[in-house]
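A closer look at the structure
Spelled out from the first residue to the last, the chains are:
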Amino acid sequence: MGEGISDYTKFVVDLRRHMWMAGVEMELRRLIWQIAVTGKYISAKIHESNRKLAGLRNVYGEEQLALDRSADEILKNQLHHSGFVRQYASEEQEAIVEIGQGNGKYYVTADPLDGSSLVDTNLSIGTIIGIHRETFLTEGERSMVAALYITYGPLITMVYSAGKGAHEFVLNREGEYVLSQENIRLNEQGSIYSLGGLRKDWTDGHRQFVEFLEGRGYKLRYSGGFVPDINQVLIKKGGIFTYPALKKNPHGKLRLLFELQPMAFIATQAGGMATDGHRDILSIPVEELDQCSPIYIGSSFEIRKASEFLEQAS
Ligand code: AFP
């Protein structure tokens, strides 16, 4: 029997079956499924992209690829028809968008295409989603019920958590998301570090922390895409990603609502930690959609060490 045939005799757990077996509530299951399917449409859009800049700027003043806007439109339209979503907040929109008839149960946040500046280099990029049961403008720990991210790389993978662990799926040749890792668990300590920001802009505490990691032989892994960089820490089962407070930018670069909360939710479910160097990311109240925060996320040893160095230096 050829290898191809035996592949099909294996028992595979697809995303819907997994969520059902894990006891995820029905509407949430359907919503996560729909977003995962939307990832396929976004991926198709990436493939047909001609990579021309749109010549527009998004609300944060960054250059924006047409692809970001397409991904946002695709997502918004799919959510609009889901019947489960009340509000949609996206990094590509200036304000919260009311969805459907206003009777949906969930509030969804999106960074539709994170790392879009990497498209022309053919590095991995991703979609980040947060799902809340009430307004986004509060602490993540009060409102979040689920989070997921999709990585568009050599393979398309999806990691979700609905508060019952963090699980990875891979999109197979038949277009199904099949379980590749159940209950991802981060080791207490890892051996890779992923560092945003320029060394000359780091604070003393952060620089000392990085020197501590370097002294211990941590290997540098930084692509400039938050999704693949975090994914690497999760799938390699440990290490740290940080985009710290910078001397001229004490709030760092990454957005609390669209990028940090969903990844913090997933990392915490995988037994890791996520802080701004002092406070848990999920305990920080969101006051503005575009609020940024420093981030230290990954294995608990590294995150605690970062806090120690930052506190000693302050
Ligand atoms: P783009 O979406 O503009 O490519 O930004 C990516 C990002 O928001 C995040 O994915 C990266 O971790 C971070 O910025 C990289 O920032 P630097 O370019 O300053 O390293």
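If you're wondering where the values come from, they're calculated on a predicted model, not measured in any experiment.

**Regarding the overall build of the protein**
Helices and strands together make up the secondary structure of the protein, namely nine helices and 15 strands. With respect to the three principal axes, the spread of C-alpha positions in the protein is 55 × 50 × 40 Å. Sorting the 314 residues of the protein into buried and exposed places 54% on the buried side. Expressed as a percentage of contacts within the protein between residues at least 6 apart in sequence, the contacts between residues at least 24 apart total 62%. For the protein, the accessible area works out to roughly 14,300 Å², and carbon and sulfur atoms hold 47% of it. Here the protein contributes 34 positively and 40 negatively charged side chains, and the mean placements of these two sets differ by 3 Å.

**Digging into the pattern of salt bridges**
Applying the stated criterion across every chain yields a total of 12 salt bridges. Residue Glu214 is joined to Arg199 by a salt bridge in which the shortest nitrogen-to-oxygen separation is 2.9 Å. Here Glu214, found in helix α6 (residues 204–215), pairs with Arg199, found in the loop between β11 (192–195) and α6; they are 15 residues apart in sequence, far enough to count as distant. Its salt-bridge partner being Glu308, residue Lys305 comes within 3.1 Å of it at the nearest N-O pair. Pair noted here: Lys305 and Glu308 are both in helix α9 (residues 300–313), with a separation of three residues, about one helical turn. Ionic contacts of the salt-bridge type, sharing partners, join the residues Glu25, Glu27 and Lys105 into one network.

**A word on the domain arrangement of the protein**
Its domain assignment divides the protein into domain 1 (10–181) and domain 2 (192–313). Computed over C-alpha atoms only, the centres of domain 1 and domain 2 are separated by 22 Å. The interface of domain 1 with domain 2 comprises 45 residues on the first partner and 31 residues on the second. Across the domain 1 to domain 2 interface the summed buried area is about 2,800 Å²; carbon plus sulfur atoms make up 64%. Here domain 1 and domain 2 share one salt bridge between them. Of the charged contacts in the structure, one is a salt bridge between Arg255 and Glu91, with a shortest N-O distance of 2.9 Å. Our count for the contact surface shared by domain 1 and domain 2 stands at eight residue pairs in polar contact (both at pLDDT 80 or more). Those elements that place two or more of their residues in the side of domain 1 that touches domain 2 are β3 (85–90), β5 (106–114), β6 (125–132), α5 (140–143), β7 (144–152) and β8 (156–161). By residue number, the principal contributor to the side of domain 1 that touches domain 2 is β7, which donates eight residues.

**Focus on the side chain of Thr127**
By secondary structure assignment, the location of Thr127 is in strand β6. A polar contact is formed between the side chain of Thr127 and the backbone oxygen of Pro112, at a distance of 2.7 Å. There is a polar contact of 2.7 Å between the side chain of Thr127 and the side chain of Tyr152. The contact partners of Thr127, leaving out residues within four places of it in the chain, are Ile42, Leu75, Asp111, Pro112, Leu113, Leu148, Tyr149, Ile150, Tyr152 and Val227.

**What about the pairing of strand β13 (residues 240–243)?**
Neither face of β13 is exposed, since Ile240 and Thr242 on one face and Phe241 and Tyr243 on the opposite face are all buried. Of the strand pairs in this sheet, β11 and β13 are connected by three bridges, and their pairing is parallel. The residue of β13 that forms the bridge with Leu195 is Thr242. Across four bridges, β13 lies against strand β15 (residues 295–298) in antiparallel orientation.

**Overview of the sheet that holds strand β4 (residues 97–98)**
What the eight strands build is an open sheet, ordered β4-β3-β5-β6-β7-β8-β9-β10; its pairing is mixed. Edge positions in the open sheet fall to β4 and β10 (177–181), since each of these has one partner strand only. Pairing between β8 and strand β9 (residues 167–171): four bridges, direction antiparallel. Across the sheet, residue Met158 finds its bridge partner in β9, namely Phe169. Helix α4 (residues 66–80) rests against β3, β4, β5 and β6 of the sheet, and its axis sits at about 155° to β5. Along the sheet, helix α7 (residues 226–235) makes contact with β5, β6, β7, β8, β9 and β10, crossing β7 at roughly 105°.

Scoring rules and cut-offs
- Every residue gets a number counted from 1 within its own chain, in the order that chain's sequence is written.
- Residue-level local features of this predicted model are given only where pLDDT is at least 70; pairs of side-chain atoms are given and counted only at 80 or more, and the full residue set underlies all totals for whole chains, interfaces and linings.
- The basis for every side-chain value is the complete set of non-hydrogen atoms in the structure, without hydrogens or water.
- To qualify as a helix, a DSSP run of H or I must reach at least 4 residues; to qualify as a strand, a run of E must reach at least 2; elements of each kind are numbered from the N terminus.
- In this scheme, a residue with accessible area under 20% of its type's maximum is buried, one over 50% is exposed, and one in between is partly exposed, where area comes from a 1.4 Å probe on protein chains only.
- Whether two residues touch is decided by their heavy atoms; if any such pair falls within 4.5 Å, the residues are in contact.
- Here the accessible surface of atoms and residues is derived via Shrake-Rupley with a 1.4 Å probe, and residues count as covered only by protein chains that are part of the display.
- All tallies of charge rest on Lys and Arg as positive and Asp and Glu as negative; His and the ends of each chain are not included.
- Throughout, a charge is located at the NZ atom of Lys, the CZ atom of Arg, the CG atom of Asp or the CD atom of Glu.
- For salt bridges, the criterion is a side-chain nitrogen of Lys or Arg within 4 Å of an Asp or Glu carboxyl oxygen.
- By convention here, the domain bounds are inherited from an automatic or database domain assignment.
- Once two parts are put together, the accessible area they lose, assessed with a 1.4 Å probe and summed over both, is termed the buried area.
- Any pair of nitrogen or oxygen atoms within 3.5 Å is treated as a polar contact; in protein, a donor-acceptor pairing is required on top of that, and neighbouring residues in sequence qualify only through side-chain atoms on both sides.
- A pair of strands is considered paired only if DSSP assigns at least 2 bridges between the two.
- A fitted line through C-alpha atoms serves as each axis, taken over the contacting stretch for helices, and the angle formed by two N-to-C directions is quoted from 0 to 180°.

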